[in-house]
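Structural overview for review
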Amino acid sequence: MVGHIALLGDSIFDNALYVPGGPSVIEHVRRTLPRDSGATLLALDGAVVSSVFRQLERLPEDTTHLVLSVGGNNALWTAGNYFSLETATVRDALEKIAEARSEFATEYRQLIDKLRAIGKPLTICTVYDAIPGLAAAEIAGLCLFNDIITRNAFRVGATLIDLRSICREASDYSGLSPIEPSAAGGGKIARAIVDAVLGGSAATSVIA
């Protein structure tokens, strides 16, 4: 028996609005879990790293596993605020991006430490990058965020779900908003979540 999974983060999990008539991620998870197990959706569309601390205030007392997917909206904010800045050299541009990376690294590390302190098995997701129409600059920028996410997973011994390897097809993304998972993509994410939780290993593992 798995127990009770809490899904934390953003619209990667809270995607019901973008799959009208199709199962959302939380619905997929509940259908895939063994009998007598449960899942609670705490994630909220639009959430950034700092939002997750508030989500923890609603954490069910019987939670046995924590699953986190957050960082995409932080990356969107960075793109919106940094990509239009003018710089004289590529080095200067990288210095600017390094500022955003440092801020994200600090926030994300604090969140992971908070989650680890709860004392429940933790699974962390990367940010996918096969979004239809995503430009090369955005894909390159996401590498900075995913580097921080993966480093933290290994640092604390969490299980890592690499959504970059899981959501690789155009059909994995919603036709209403291509940055959100479709019903098909949500099904893949849900299966990865259940596989990660059923793994039950104390050592870091990667689901890809």
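Residues numbered from 1 in each chain as written. Predicted model: local features only at pLDDT ≥ 70, side-chain atom pairs only at ≥ 80, totals over all residues. Heavy atoms only, no water.

**Details of the pairing of strand β1 (residues 4-9)**
With 6 of 6 residues buried, β1 is to be regarded as a mostly interior element. The alternating pattern of β1 places H4, A6 and L8 and I5, L7 and G9 on opposite faces, both of which are buried. Bridge count for β1 against strand β2 (residues 38-41) is 4 bridges, and the pairing is parallel. From the neighbouring strand, L7 faces β2, where its bridge partner is L41. Assessed by its sense of winding, the connection that carries the chain from β1 through helix α1 (residues 25-32) to β2 is right-handed. The sheet contact formed by β1 and strand β3 (residues 65-69) spans 5 bridges and is parallel. Bridging from a neighbouring strand, I5 pairs with H65 of β3. (Buried < 20%, exposed > 50% of the residue type's maximum accessible area, 1.4 Å probe, protein only. Helix = DSSP H or I, 4+ residues; strand = E, 2+ residues; numbered from the N terminus. Pairing = 2+ DSSP bridges. Right-handed = clockwise from strand over helix to strand, strands pointing away.)

**With respect to the packing of helix α3 (residues 72-82) against helix α4 (residues 90-117)**
Here α3 crosses α4 at 155 degrees, and the two axes come no closer than 11 Å. When the axis of α3 is compared with that of α4, the two are roughly antiparallel. Considering only the axes of α3 and α4, their crossing is right-handed. In this structure, α3 contributes N74, T78 and Y82 to the contact, and α4 contributes K96, I97, E99, A100, F104 and E107. (Axes fitted to C-alpha atoms, helices over the stretch in contact; angles between N-to-C directions. Parallel < 35°, antiparallel > 145°, perpendicular 65-115°, else oblique. Left-handed = near helix turned anticlockwise from the far one by under 90°. Contact = heavy atoms within 4.5 Å.)

**A short note on the sheet that holds strand β5 (residues 159-161)**
Strands sit in the order β2-β1-β3-β4-β5-β6 across an open sheet of 6 strands; the sheet is parallel. The sheet is open, and its two edges are formed by β2 and β6 (206-207), each paired on a single side. Sheet analysis places β5 next to β6, joined by 2 bridges and oriented parallel. When the sheet's bridge partners are listed, I161 is paired in β6 with I207. Docked against the sheet, α1 engages β1 and β2, running at close to 170 degrees with respect to β2. The sheet strands contacting helix α7 (residues 183-199) are β1, β3, β4 (122-125), β5 and β6, and the helix crosses β5 at an angle near 165 degrees.

**With respect to the layout of surface pockets**
Remark: the empty space left among the atoms is shown by a probe the size of a water molecule rolled over them. Roughly 510 Å³ of volume is contained in the largest pocket. Lining the largest pocket are 26 residues, with G72, A75, L76, E138 and L142 positioned closest to its centre. Every element with two or more residues in the lining of the largest pocket is listed here: α3, α4 and α5 (136-156). Ranked by the residues each element gives to the lining of the largest pocket, the list is headed by α5, at 7 residues. Residue composition of the lining of the largest pocket, grouped by class: 18 nonpolar, 5 polar and 3 charged. (1 Å grid on protein atoms, 1.4 Å probe; cavity = no way out; pocket = protein on both sides within 12 Å on 5 of 7 lines; lining within 4 Å. Points joined across faces, edges and corners; volume = space filled by probe spheres on them. Nonpolar A, V, L, I, M, F, W, Y, C, P; charged D, E, K, R; others polar.)

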